[in-house]
Amino acid sequence: MANFTLDINNKRHEVEVANGTSLLWVLREHLGLTGTKYSCGIAQCGACTIHIDNKPMKACILQVDDFADGQKIKTIEGLSEKGDHPVQRAWIEAQAPQCGYCHSGQIMQAVALLEENPNPTKEEIKIYMNGILCRCGTYLRIVKAIELASKSNVSTI
Amino acid sequence: MSSVPKIVNRREFLKTSSGVALFIGVSGILPQIISCKDTKGIKEQLQKHDITAWVQITEDGEITIYNPAAEMGQGSMTALPLIFAEEMDADWSMVKVEFSPQEVAVYGSEGWAPGSKLMFTVGSRSTNSYYPVMRKAGAQARYVLLNSAAKHWEVPISELSSNNSTVLHAATNRKISYGELVPVLAMPEIIPDFSPEQLKNPKDFQLIGNTIPRVEIPAKVDGTAQFAIDIKLPNMVYGVLERGTLHGAKPTLTNEKEILAMDGILKIIPFDYAIGLVADTLEKALEAKKLLKIEWGDAQAIGYNSQEIYPTYEKIAGQRQTGKVVQEIGDVNAAMRSATKSYMADFKNDYVYHAQMEPLNAIVQVSADLKSAEVWVGSQQGVDPKLGVPDLLGIPHENVNIHLQYLGGGFGRRSMNDFVIEATLLAKEIAPLPVKLIWTREDDMGYGTFRPLSLQRMTASVDKNGDISGLSHSVVGDGGNLVASGSRNDHYNIPNQLVEWREASHGVRLKHWRAVGHGPNKFAIECMLDEVALGQGIDPIELRRKLMVKSPRALATLERASEIADWNTPSKEGRAKGVAFVVHGSLGTGICEISVDRSTGKIKVHQFWIALDAGIVVQPDNVRAQMEGGIIMGMSSVLKEQITIENGRVQQSNFHDYQLLRMQDIPERIETDFIASAERPEGVGETATPMVACAIANAFLQLTGKPLRHLPFTPDRVLQVLNS
């Protein structure tokens, strides 16, 4: 067991777990940040997508050891105070989720896309979002939500 | 003091009987389902006042309506309370929704047996079966409020009307809001058992049929929506099971001491088909699971190879002995004998897996005396609303509380309670600690329950007028109704029909998968029609138009789909359209446009159009979402998904070798148009999915002249067909 200090959503979190523990279990089961979801555990589905230093990463295959040196970890809980980030607002406008289980990951990936590329084409959206699975088949509305958020100039927020 | 508020105790529930409503006492029920983290919720809860068992109100007019169905993305959390609010004349902006207690006598809708009640979110039954229940209950809540106002003002109730959470007395020009009635709520001794004629005229609906945002979506975009897997309780421990990949094989653990010596491992619990482990953290449980050394016994499935079974199925289909008859009209053999032309084809379907994004899990806490249990679970509910837990523990039903959570997908998998039983067995062994049982994705797939592999032998006869005179449909496969559902043709005027099922059994775990047998059977039926159309030189829409002559509602969907897809205008070079008609609750005709890459065999679906008769459409935008999701999940299963069994063992383990459709493969658009209707709402969750296989195959037949008859249409299979 070892102690780790993590910078998550601009707050310091202390956690004592074994070396090599998945960052996903640390977030969900030890720190109670359950907006980030477990689904495949092998970086195939993207339900656990978070940001590390503003880049989208799949938490399930990251080890806590490698992210306790001041890297800035952002989860869905840290995206906005009141769930009103422009991407979240666009998501509600498009009524994008169905079961909703994959949508934290979808939203974190979409935010990263728009931060990199504020005006993506439909094709660029599909390529960037291709790693995040949705079993309910909400993809068309995800594309629509990203287009709506893009029009609202998410990158300036 | 006639105005003393008479608040009905929460534990007295409405039950209707012989035309009047009575209050009955039900003890031991905790109706509120509050997040363990949500202390604020508990405070607010105390300020709510009961109107009936279905609805509470605060003095500031906030109304809480119960949703009795599971919410797995299909929208029941909004649709059912919306129907209630419509009849209650509630101000929707003031409505909050919570799951109802799992008490079937109070919150059930009509079950399959006449007079029975059921809380079971399966078969697209929620909106359809709850439509009369929610309307009547909403009207009764309104009656309680009107009665209270009548008493308060000392006027006859017949002089009152209501609108948007306000009671009006036109004669004296007085009005009072529902919230203001809280201090004077007066429970009538008798609440009318409203008949459908006493309810609102659908033309007066203000909520039903409008675009209403779904109530739980904000929580699903900020990460606060609580799924069972998110539950954390004080002193909670973690459970996992190693089940192997050979269904039903008995395990013998050979390194028990070594595992028990590991840090954090609390207990090993053997099952007939698995080894269970409980540990103080999830990661320790998973680590130990990997190190289990298990010798597995035999099982029925040993020696079974799914991809080699089809010749056996063809032989079964060819046997003279008829199977179990599902539907028989006229004399199909006589029709075949007098046919001027006949067609025969076999359609094949590999196993598919549910792949709901939230792996199965449940949290169970059994009390130290083993006399009561709390269960947190995302479940489609069941015939037993307590999910088998009372029987397992040998305790009364009222000693088990089911705390229903959002489901991270259901698709039929969560209509089983195997994972709840497993969690309860672990919790019993480690009582009173709460246990969170998690299935890994590998567990969920390797020990999955699949849509059965099947073969459909279709034979059609055409008479001297060029009409289809007979259709024979022989289903071969495991799982009874799982393979036979959707094989009937009640909307096609074919005078001689025989549908029958011939059983096979392999020891593979099977379960309802969205639309169940409709997927494979509509694939076979609709493709057979297009093969006949091609052979007879008839347009596929024209052929169906003739067949639907006695089914005006079905025909209306065909005509509308044909219009919105512009069927009569040829597609551009390299593309073609295909049509399919499906009845599953709603009636729908789907048309798709595809192209195919002849070098890779990859099919591209460009557009999908659906014309749907769902009766009254309660939430149009949500129904569109169901059509979109149904088509995309259908495309995923039709173009990509395949579980294979070798020597009885599931060969796929996770999403790297069980591929789902991703965003780059979606159509440009999916357009849904509704046929206006005043009929009772029908289910919409499973109407679109079965359209996909047949619409794509029929488009492919138009494009290439060649039939696709084996699901999934993977590129290698498509190439094989193209090169044949």
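Calculation criteria
- Residues numbered from 1 in each chain as written.
- Chains lettered and ligands numbered in written order.
- Predicted model: local features only at pLDDT ≥ 70, side-chain atom pairs only at ≥ 80, totals over all residues.
- Heavy atoms only, no water.
- Contact = heavy atoms within 4.5 Å.
- Buried area = accessible area lost by both parts, 1.4 Å probe.
- Salt bridge = Lys/Arg side-chain N within 4 Å of Asp/Glu carboxyl O.
- Polar contact = N/O pair within 3.5 Å; in protein donor to acceptor, adjacent residues only side chain to side chain.
- Helix = DSSP H or I, 4+ residues; strand = E, 2+ residues; numbered from the N terminus.
- Nonpolar A, V, L, I, M, F, W, Y, C, P; charged D, E, K, R; others polar.
- Pairing = 2+ DSSP bridges.
- Axes fitted to C-alpha atoms, helices over the stretch in contact; angles between N-to-C directions.
- Domains from an automatic or database assignment.
- Buried < 20%, exposed > 50% of the residue type's maximum accessible area, 1.4 Å probe, protein only.

Digging into the interface of chain B and chain A
- Across the boundary between the two partners, chain B contributes 65 residues, which contact 46 residues of chain A.
- The junction of chain B with chain A conceals about 4,700 Å² of combined surface from both sides, 57% of it contributed by carbon and sulfur atoms.
- Area buried by chain B at its contact with chain A is led by B:M357, B:R662 and B:M663, which between them contribute 18% of it.
- Taken together, chain B and chain A are joined by six salt bridges.
- One salt bridge in this structure joins A:K37 and B:D230, with 2.5 Å as the shortest N-O distance.
- The tally of links from chain B across to chain A stands at 30 residue pairs in polar contact (both at pLDDT 80 or more).
- Within the residue set of the side of chain B that touches chain A, elements represented by two or more residues are α5 (217-221), α7 (282-291), β24 (435-438), α12 (441-446), α17 (620-639) and β33 (669-674) of chain B.
- Of the residues forming the side of chain B that touches chain A, the biggest block, nine residues, is contributed by α17(B).
- Here the side of chain B that touches chain A is built from residues that sort into 31 nonpolar, 14 polar and 20 charged.

Concerning the sheet that holds strand β19 (residues 341-349) of chain B
All names here are of chain B.
- Within the open sheet, the six strands sit side by side as β18-β27-β26-β25-β19-β34. Their pairing is mixed. Edge positions in the sheet fall to β18 (324-329) and β34 (710-711), since each of these pairs with one other strand and no more.
- By the bridge criterion, nine bridges tie β19 to strand β25 (residues 454-462) in an arrangement that is antiparallel. In the strand pairing of β25, A345 is matched with M458.
- Packing against the sheet, helix α14 (residues 518-536) makes contact with β19, β25, β26 (468-477) and β34, and its axis sits at approximately 145° to β19.

Focus: the domain arrangement of chain A
Residues and elements named next belong to chain A.
- When cut into domains, chain A gives domain 1 (2-77) and domain 2 (86-156).
- Between the C-alpha centres of domain 1 and domain 2 the distance comes to 22 Å.
- With 17 residues of domain 1 at the interface, the matching set in domain 2 holds 15 residues.
- Carbon and sulfur atoms supply 58% of the area that domain 1 and domain 2 bury against each other, a total of about 1,300 Å² over both sides.
- Three residues, T49, H51 and I76, lead the burial of domain 1 against domain 2; their summed loss comes to 36% of the area buried on that side.
- There are zero salt bridges connecting domain 1 and domain 2.
- Here domain 1 and domain 2 share four residue pairs in polar contact (both at pLDDT 80 or more) between them.
- Looking at the side of domain 1 that touches domain 2, the elements that each hand over two or more residues are β3 (49-52) and β4 (55-58).
- When residues in the side of domain 1 that touches domain 2 are grouped by element, the largest group, three residues, is from β4.
- Grouping the constituent residues of the side of domain 1 that touches domain 2 by class yields five nonpolar, eight polar and four charged.

Focus on unusual backbone geometry
Residue and element names in this part refer to chain B.
- Cis geometry is adopted by the peptide bond preceding P432, which originates at A431 and carries an omega value of 5°.
- Mapped onto the fold, P432 is located in the loop between α11 (418-429) and β24.
- Residue P712 is bonded to the preceding L711 through a cis peptide linkage, with omega at -5°.
- In this structure, P712 sits in the loop between β34 and α19 (715-722).
- The backbone phi angle of E154 is positive, close to 55°, even though this residue is not glycine.
- Position of E154 among the secondary structure elements: in the loop between α4 (126-153) and β9 (160-163).
- Look at E154 and you get exposed, because its relative accessible area is 69%.
- Of note in this structure, N164 is not a glycine but carries a positive phi near 50°.

A word on the domain arrangement of chain B
Residues and elements named next belong to chain B.
- If you check the domain split of chain B, you get domain 1 (12-221), domain 2 (228-299 + 364-438) and domain 3 (306-352 + 450-722).
- A straight line from the C-alpha centre of domain 2 to that of domain 3 covers 38 Å.
- Listed by partner, the interface residues are nine residues for domain 2 and 13 residues for domain 3.
- Together domain 2 and domain 3 conceal approximately 930 Å² of surface at their shared face, both sides included; 58% is due to carbon and sulfur atoms.
- The largest per-residue losses of area from domain 2 upon contact with domain 3 belong to T245, H247 and F411, which jointly make up 59% of the total buried on that side.
- Scanning the region where domain 2 abuts domain 3 turns up one salt bridge.
- Notably, a salt bridge pairs R509 with D418, separated by 3.0 Å at the nearest N-O pair.
- The interface formed by domain 2 and domain 3 includes four residue pairs in polar contact (both at pLDDT 80 or more).
- Tallied by class, residues from the side of domain 2 that touches domain 3 come to three nonpolar, four polar and two charged.

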